[in-house]
Structure formats: structure tokens, C-alpha cells
Amino acid sequence: MNELSPVRPERQRKPDWIRVKAPTSAGFAETRQLMRRLNLATVCEEAACPNIGECWTKKHATVMILGDVCTRACAFCNVKTGMPRKVDPLEPEHVATAAAEMGLEHIVITSVDRDDLPDGGASQFVKVIEALRRNTPSTTIEILTPDFRNKHEAAVEAIVAARPDVYNHNLETVPRLYPTIRPGARYYASLRLLETVKKLDPTIFTKSGIMLGLGEERLEVHQVMDDMRSADIDFLTMGQYLQPTPKHAKVAEFVTPQAFQAYGAIARAKGFLLVASSPLTRSSYHAGDDFAKMKAAREAKLAKATA
């Protein structure tokens, strides 16, 4: 069998390499209690992330701003769909309080899609970044934004001006699968968003991720890598898609750990500063450690260029 050949699942049974233990630690309970007290949503819970036990035990959490109801209905995502509530004006300070109480060195902020808002929710990202800079100035900030459909240029300009350390926006899958997997989005619009970040401020790290196991072909994944490099994206994440509920898109294949390693090697050869590629890789998994690695990789690259 070719190392990139998938394992075809029977009855969607997860292979051993994708299984994780249920969270039971005291650290997990403390993180959940803090999020409830501050009325904050997390993508860890809403998207049913398999790494929640490990991350919350270490008091790492990805805060999801702008509520927990999304205006889109992507076929892969477990976040609720509907008409969201009004934006919480206290949310930025609550996020900063959570970062301070958890002693976070690095925080990841994401959001639902808010197509109902004139700016897509960009101003709330700005307010959260500003609150974190005031309250926990040593915390590095990573944001994972939606595509701000039809308004991305103004939205990105405002957010980049607030200077997050990492700007992440996930392409999610290959262009051919967008009509069924990500019908409300456009592949090349997402690429342009990330390209715009770099043009506005080349010092901000850019990051994007895709899910494997949705029926994509190997050469299509390679093309996505090339497209990302053309947009000067620094960091690529690749992880296994898992079906949240029977209503969501089915897993077409469980990609082996060896295949993920091979994809990762190809991506590194294409020139990304950093690549994370494994079945359990998710956008925010080990984000703090990865940020440190990305900074070191950039410094080494610059030193080599000036030597």
C-alpha cells in the first residue's frame, strides 16, 4: 500500500490512532468553571474538539467571541446555526480577565460567522485585542477569524491595525469540495484575505489549516499548499476531519499517521516556516509552543539571508 493511501472506514469506526480519553482532571474542571463564570464560549466545546481534555488540563483554551450561534451552516462544523444574539459589550474585558486568571502566555481568539453585522464582527476582534494588550500585555495574541464575506478588506485593515501576533484563517478543504463542505465561503476569497494581511503588515505571522479525510485527492492537497505559499502563509496545519453528528458530512477516509507525516514533509519542502500535520492536529492545538517555534524559524531564516 502506498504510504499516502487512506484507510477506508467501515461504519465510521474510528481507528486507534484517533481515539482520546475522556477529560476528568481538576484542571479541566477549573477551566470549564472559569469560562462559565465569565460567560465565555470556547471553540473547544462548541466544535467538539478531541483535544479538549489535554488542553483544558493545561489551562489552554480557544475563546470564541461574538456568541455561540453562527449565521452559516458548514457541513463539517458542530457550532449551532441560527440568528445570533446581540454582541456582548463586556466580552472583551471578560476575555482579558480569563487570560489573566489562567496566566496565559499565548491566547487564541476565534469567532462564529456574523454575516448579520455590518463589519462581520471585526470591531469586536479589535476590542478584544485592545483589552488583552491593556490587561495582559505580555500575552501573545493569535486570532482565527471568519472570512468576513463581502467586507473582508475593511475588516482585515481594522484588525491588522490592532496588531495581533498571529492571523489565522482556515481554508478548511480543497476548492472542489467547497460547494458541499463550505458552501457559504469562497476559496480564493479566503486566500486573498490572508494575502491582504501580509501586504498590510508583513511582520504578522499568517496561518491556515485544512482538514483531510473529506474526499480530497493527494494532488489537490499539494495545490492548496502551493496556493498558500503564493499568499505567503507562514504556518500550515493539517488534521483529520471527524464527523460531529450524523447530520454532518461523513468521513470519506481516515488518513493514516504515516500519510500525515508524508504531507508534512512535502509542505516543509515547499517553504512554510512551520507545519503541523497529524490526525489530531487542530488550528489551536499547541498554539503557544508553535508560536515560539515560528518566531525562531523566522529569526533563523533572516539570519541566514543576511549572513
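Quantities reported herein were computed from a predicted structural model and do not represent experimental measurements. (Residues numbered from 1 in each chain as written. Predicted model: local features only at pLDDT ≥ 70, side-chain atom pairs only at ≥ 80, totals over all residues. Heavy atoms only, no water.)

Trainee: Would you mind showing me how to read the packing of helix 5 (residues 122-135) against helix 6 (residues 152-161) here?
Mentor: Between two packed helices, both the angle of their axes relative to each other and the distance between the axes serve to describe the pair. Close contact between helix 5 and helix 6 brings their axes to 9 Å; oriented N to C, the two are set at 5°. Judged on the interaxial angle alone, helix 6 and helix 5 are roughly parallel. Contacts between helix 5 and helix 6 involve Ala122, Phe125, Val126 and Ile129 from the first element and Ala155, Ala158 and Ile159 from the second. Partitioned by chemical class, the residues of the contact of helix 5 with helix 6 number seven nonpolar, no polar and no charged. (Axes fitted to C-alpha atoms, helices over the stretch in contact; angles between N-to-C directions. Helix = DSSP H or I, 4+ residues; strand = E, 2+ residues; numbered from the N terminus. Parallel < 35°, antiparallel > 145°, perpendicular 65-115°, else oblique. Contact = heavy atoms within 4.5 Å. Nonpolar A, V, L, I, M, F, W, Y, C, P; charged D, E, K, R; others polar.)

Trainee: Looking at this structure, how should I read the environment of proline 183?
Mentor: Its location among the elements puts proline 183 in the loop between helix 7 (178-181) and helix 8 (187-200). Separated by 111 residues in sequence, proline 183 and arginine 72 have C-alpha atoms that sit 8.8 Å apart.

Trainee: So what exactly am I meant to see when it comes to the side chain of histidine 152 here?
Mentor: Following the sequence through the fold, histidine 152 ends up in helix 6. The contacts of histidine 152, once residues within four sequence positions are left out, are Asp147, Ala189, Arg192, Leu193 and Thr196.

Trainee: Help me understand the nonpolar core in this model?
Mentor: Note that soluble globular proteins tend to have their nonpolar side chains buried in a common cluster. Of all hydrophobic cores here, the largest spans 75 residues; its most connected members are Val95, Ile107, Ile109, Leu132, Ile159, Tyr167 and Met238. Of all the elements, helix 5 adds the most residues to this core, at seven residues. Apart from residues lying up to four places away in sequence, isoleucine 107 is in contact with Val63, Val95, Ala99, Leu132, Thr139, Thr140, Ile141 and Glu142. In terms of nonpolar packing, the next biggest core, distinct from the first, is built from eight residues, Leu274, Ala276, Phe291 and Met294 among them. (Core = buried A, V, L, I, M, F, W, Y, C linked by side-chain atoms within 4.5 Å. Buried < 20%, exposed > 50% of the residue type's maximum accessible area, 1.4 Å probe, protein only.)

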